[in-house]
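Fold and contact review
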Amino acid sequence: MISLMNRNSKFLLLFVLFCQGCSQSIVVNTVIPDPLVSKIKNYNIAVVYGPDIQNFQFEDTDIEPSDITLSIDFQDSQMITFSRILNGFFSNLTTLDSSNNEIITGINLYLEIKLETIEYLSPIQSGSEKHAIWFNYKINIFDHTRTPITSWNITGYGEDTIGSLKTTQSLEKAIDSGLRDVGVNLSMKIEDDFKKLIE
């Protein structure tokens, strides 16, 4: 199991391919459906996305055998996942640049969303025909004065069996499933815990 940390460390994804002398490139284009939830009215939310969520691209040549290159471009798929869910709950949602620390009149809550870890298990590592991937995010929540209130941990898990698919297609499906699971868990967290923030 490989852990990818976003705190000043190299993102490492070990992906054992079933070919030699080749390059593999994966582009993530996850489509998240609109959540079937009730709107939370009269709350203005500002969201700050960490840089690893806005545009995460991974490339590594340090894979055995040494003539394999793996490139995974998440593009903005993580940010789209969070944005789609949050827009489903809140009518007034503002996205702020990560360098913007100002207090904005009319904003009730600030959400700072960061990628904590990604863990990946290849078919070779697991001894099965499955790709498995875990996402772990931290959402720091601040009041209208940007004073910390609490934090939420949001996770997601995806897996897919290779079967007749190419191994890259199977990995894409596992990532897609994992991000969709993130969206489901975020929705459940908001439904269960948001009222506690505003009471």
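Throughout what follows, the structure given in this document is the object of discussion. In this text, all values refer to a predicted model and were calculated from it rather than measured experimentally. (Residues numbered from 1 in each chain as written. Predicted model: local features only at pLDDT ≥ 70, side-chain atom pairs only at ≥ 80, totals over all residues. Heavy atoms only, no water.)

1. Describing the overall build of the protein chain
Each helix and strand counted, the protein chain has four helices and nine strands in total. Listed by position from the N terminus, the elements making up the protein chain come as β-β-β-α-β-β-α-β-β-α-β-β-α. Put simply, the protein chain has 199 residues, and 45% of those count as buried. Residue pairs at least 24 apart in sequence account for 72% of intrachain contacts in the protein chain once pairs closer than 6 positions are excluded. Carbon and sulfur atoms make up 47% of the accessible area of the protein chain, which totals about 10,300 Å². (Helix = DSSP H or I, 4+ residues; strand = E, 2+ residues; numbered from the N terminus. Buried < 20%, exposed > 50% of the residue type's maximum accessible area, 1.4 Å probe, protein only. Contact = heavy atoms within 4.5 Å. Areas by Shrake-Rupley, 256 points an atom, 1.4 Å probe, with all protein chains shown as cover.)

2. Some details on the environment of Asp-160
The residue Asp-160 is located in strand β9 (residues 148-161) in this model. Through-space distance from the C-alpha of Asp-160 to that of Ala-174 is 5.0 Å; in sequence the pair is 14 residues apart. Here the side chain of Asp-160 touches Ser-170 through a polar contact of 3.1 Å, side chain to side chain. (Polar contact = N/O pair within 3.5 Å; in protein donor to acceptor, adjacent residues only side chain to side chain.)

3. A short note on the side chain of Ser-77
Residue position: Ser-77 is located in helix α2 (residues 77-89). Under the relative-accessibility criterion, Ser-77 is labelled buried at 2%. With residues near it in sequence (within four places) discarded, Ser-77 still touches Val-28, Thr-30 and Leu-179.

Distances and angles like these do not, on their own, reveal function.
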